[in-house]
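# Structural overview
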Amino acid sequence: MIYWHIFLAFFIPGIVGYGGGPASIPLVENEVVDHYGWMTVPEFSEVLAIGNALPGPIATKMAGYIGYEQGGILGAVVGIIATVAPSLILMIFLLGLLLRYKDSPKVKRMTNYIRPIIAILLGVMTFNFFFNAYIDIGITQTIFLIVVSYLLLEKWKVHPAYVITASLAYGGFFL
């Protein structure tokens, strides 16, 4: 039964999450944290940070890790297949249809309607991470990490993987 739950936890966000990894992360969080209770929000945010630091698609790395934690090697395989399956199915069955109507005003309008929803989902997830960080490590440490990360990313153009790794190291040593 656990393998079916792992499959559903990653297949459903893969179907509903328009745009791939970043759009499906809040949906995966809902399944993993709220629905099945496999992780807490801080644990999920750590998995997300590690997934962002490693090369490749975020969703498959998260599915592999969480699937492995819940069901071993077979759980990891099921999680990865469930993450990739929706995209594969859509590519096979809908590519011709999308290519035929790609210049349609209705298709363009639909895409424009979906983008704000993705932004709201990412904003809610960010708020939840900041709120949990505030509760877990305090406002001073949270603001410090936000400011330093912002400066490293925006002013000095440091690669995000290095910023995430440095934040993890800071949390491991000082918090």
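A brief structural summary.

Cut-offs and rules
- Residues numbered from 1 in each chain as written.
- Predicted model: local features only at pLDDT ≥ 70, side-chain atom pairs only at ≥ 80, totals over all residues.
- Heavy atoms only, no water.
- Axes fitted to C-alpha atoms, helices over the stretch in contact; angles between N-to-C directions.
- Helix = DSSP H or I, 4+ residues; strand = E, 2+ residues; numbered from the N terminus.
- Parallel < 35°, antiparallel > 145°, perpendicular 65-115°, else oblique.
- Left-handed = near helix turned anticlockwise from the far one by under 90°.
- Contact = heavy atoms within 4.5 Å.
- Nonpolar A, V, L, I, M, F, W, Y, C, P; charged D, E, K, R; others polar.
- 1 Å grid on protein atoms, 1.4 Å probe; cavity = no way out; pocket = protein on both sides within 12 Å on 5 of 7 lines; lining within 4 Å.
- Points joined across faces, edges and corners; volume = space filled by probe spheres on them.
- Buried < 20%, exposed > 50% of the residue type's maximum accessible area, 1.4 Å probe, protein only.
- Polar contact = N/O pair within 3.5 Å; in protein donor to acceptor, adjacent residues only side chain to side chain.

### Things to note about the packing of helix α3 (residues 41-53) against helix α7 (residues 160-174)
Packed helices, taken two at a time, are described by their axes: the angle between them and the distance between them. Close contact between α3 and α7 brings their axes to 8 Å; oriented N to C, the two are set at 140°. When the axis of α3 is compared with that of α7, the two are oblique. Classified by chirality, the crossing of α7 by α3 is left-handed. Across the interface between the two elements, Ala 49, Ile 50, Asn 52 and Ala 53 of α3 pack against Ala 161, Ile 164, Thr 165 and Leu 168 of α7. Grouping the constituent residues of the contact of α3 with α7 by class yields six nonpolar, two polar and no charged.

### Some points on the layout of surface pockets
What the largest pocket holds in volume is close to 1,300 Å³. Along its surface, the largest pocket is lined by 32 residues, and Ser 45, Ala 49, Phe 129, Phe 130 and Ser 167 are the ones closest to its centre. Of all elements in the fold, only α2 (21-35), α3, α5 (105-137), α6 (139-155) and α7 reach the threshold of two or more residues within the lining of the largest pocket. Top contributing element to the lining of the largest pocket by residue count: α5, with nine residues. In the lining of the largest pocket, the residues fall into 21 nonpolar, nine polar and two charged.

### As for unusual backbone geometry
Non-glycine residue Lys 157 carries a positive phi angle of around 55°. Take Lys 157: it is sitting in the loop between α6 and α7. Since its relative accessible area comes to 61%, Lys 157 is described here as exposed.

### Describing the side chain of Thr 142
Here Thr 142 is to be found in helix α6. With a relative accessible area of 5%, Thr 142 lands in the buried category. Within the structure, the side chain of Thr 142 is placed 3.4 Å from the backbone oxygen of Ala 133, a separation counted as a polar contact. In contact with Thr 142, not counting residues within four places along its chain, are Phe 130, Ala 133, Tyr 134 and Ile 137.

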